[in-house]
Amino acid sequence: MTQEPGMTEVSNLHVRSNTPLPSPQLLAQEIPVSAKQEDFVATARREIADVIAGRDSRFLIIVGPCSIHDVETGMEYARRLVALSKEVAGKVMLVMRVYFEKPRTSVGWKGLIMDPHLNGTNDIPAGLRMARTFMREVIALGVPTATEMLDPITPQYIADLTCWSAIGARTTESQTHRQMASGLSMPVGFKNTTAGGIEAAVNAMKAAVAPQTFLGIAPDGRASMVTTTGNPDCHVILRGGDSGPNCDRGTVENVIGTLRRGGFPETVMIDASHANCGKDHAKMPGVFRSILALRAAGLPGICGAMLESHLHAGSQAFPCPLGELKSGVSITDACIDWETTEVLVREAAGLA
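Residues numbered from 1 in each chain as written. Predicted model: local features only at pLDDT ≥ 70, side-chain atom pairs only at ≥ 80, totals over all residues. Heavy atoms only, no water.

**Topic: unusual backbone geometry**
Logical step 1: In this model, Phe 318 is joined to Pro 319 through a cis peptide bond whose omega is 10 degrees.
Logical step 2: Tracing the chain through its elements places Pro 319 in the loop between β10 (302-308) and α10 (338-348).
Logical step 3: The backbone of Lys 279 sits at a positive phi, close to 55 degrees, despite the residue not being glycine.
Logical step 4: Along the chain, Lys 279 falls in the loop between β9 (268-271) and α9 (284-296).
Logical step 5: The exposure class assigned to Lys 279 is exposed, which follows from its relative accessible area of 56%. (Helix = DSSP H or I, 4+ residues; strand = E, 2+ residues; numbered from the N terminus. Buried < 20%, exposed > 50% of the residue type's maximum accessible area, 1.4 Å probe, protein only.)

Take a look at the structure:
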């Protein structure tokens with residue numbers, strides 16, 4: 001639009017570009033889901049919901065890389081998970097972390113969707129295609145998928161391939177994310193805040209189970225008014241906070257009591273990583289074993305746990321020259337290695 005002489009510019013003063021994305025509908029047609037894959041997703045969601053509600057006695061483990069930055073090593077991890085899942089079937093349900101969006105405390109790499117080439121070019125159309133293709137391939141292997149829904153537009157592109165999702169510690173208090181969760185088709189876990197507060201996660205559940213109306217986008221990409229029925233399959237995730245871990249017996253019992261008074265299923269998931277292990281991956285196995293010990297000691301309501309795990313242990317500094325990246329090592333939070341993961345999963349199944 002041509003500006004009239006003498007007019008003061010007031011719009012988009014700090015916007016360098018505004019590039020249209022392919023519509024969710026178009027991307028779904030380009031990277032379609034088969035009827036078999038749809039059935040698998042629906043079944044996995046139902047089974048996860050049953051575990052969370054206490055109708056299924058299996059232990060749910062959300063396990064995998066902190067973030068997917070290399071789809072080849074991500075698929076290698078998924079293939080290993082297939083065999084391990086079969087080994088522990090009946091006792092443990094494994095769901096793979098396929099995290100494509102990373103919330104940043106200040107700045108940093110924001111995930112595969114935002115920067116798929118790891119070079120700051122922010123090729124979001126390519127990132128959406130890579131994420132959707134990767135999830136479809138993981139589902140085709142028979143591995144359920146888990147991801148954090150960070151940007152409220154993202155679910156339109158990948159939600160049909162998502163079996164479980166999380167609302168992170170930084171966004172649990174966000175009205176936008178609570179409303180979004182009320183319309184998601186899969187079970188959703190709300191993490192306690194980074195400070196460690198539980199009340200925000202419980203309030204988030206109250207909002208997410210209720211019908212909501214909010215601004216969103218339609219499958220054809222147009223801005224729209226979205227009205228939901230509410231999501232009945234929500235739960236709390238304890239991930240520790242600024243004051244330290246919150247996976248002790250007393251805290252878990254208090255949270256379950258709060259859920260009882262709120263009329264929610266009396267179950268919680270516990271994240272063995274993040275603040276519960278002090279962001280030290282070497283301590284993660286000990287935290288995970290303490291979770292198993294609480295469950296074995298008869299503490300009701302611990303439905304599952306989260307583990308950040310990759311092919312190799314630790315993490316590597318990023319950004320760096322791409323040729324210097326080590327294969328199978330996280331570029332975000334440090335992870336435990338595959339061998340340790342196998343041991344812990346087998347212990348959870350009582351096979352160790």
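After that view, the rundown keeps rolling.
**Comments concerning α10**
Note: α-helices contain 3.6 residues per turn, so residues at a spacing of three or four share the same orientation.
Logical step 1: Within α10, burial applies to Trp 338, Thr 341, Leu 344, Val 345 and Ala 348. One side of α10 holds all its buried residues, which, seen down the axis, span an arc of 120 degrees.
Logical step 2: Contact partners of the buried residues in α10: β1 (59-64), α3 (71-88), β2 (92-97), α9 and β10.
Logical step 3: Two residues or fewer past α10, Gly 350 is found with a positive phi of approximately 75 degrees. (Arc of directions from axis to C-beta. Contact = heavy atoms within 4.5 Å.)

**Observations regarding the pattern of salt bridges**
Logical step 1: Inspection of the entire model under this criterion finds 16 salt bridges.
Logical step 2: Among the salt bridges present, the one from Glu 76 reaches Arg 79, with a minimum N-O distance of 3.5 Å. With Glu 76 and Arg 79 both in helix α3, this residue pair falls 3 residues apart, about one helical turn.
Logical step 3: Ionic pairing is found between Arg 249 and Glu 253, a salt bridge with its closest N-O pair at 3.1 Å. Taken together, the residues Arg 249 and Glu 253, both in helix α8 (residues 249-261) and 4 residues apart, mark about one turn of the helix.
Logical step 4: One connected set of salt bridges, linked through shared partners, spans Glu 47, Asp 56 and Arg 58. (Salt bridge = Lys/Arg side-chain N within 4 Å of Asp/Glu carboxyl O.)

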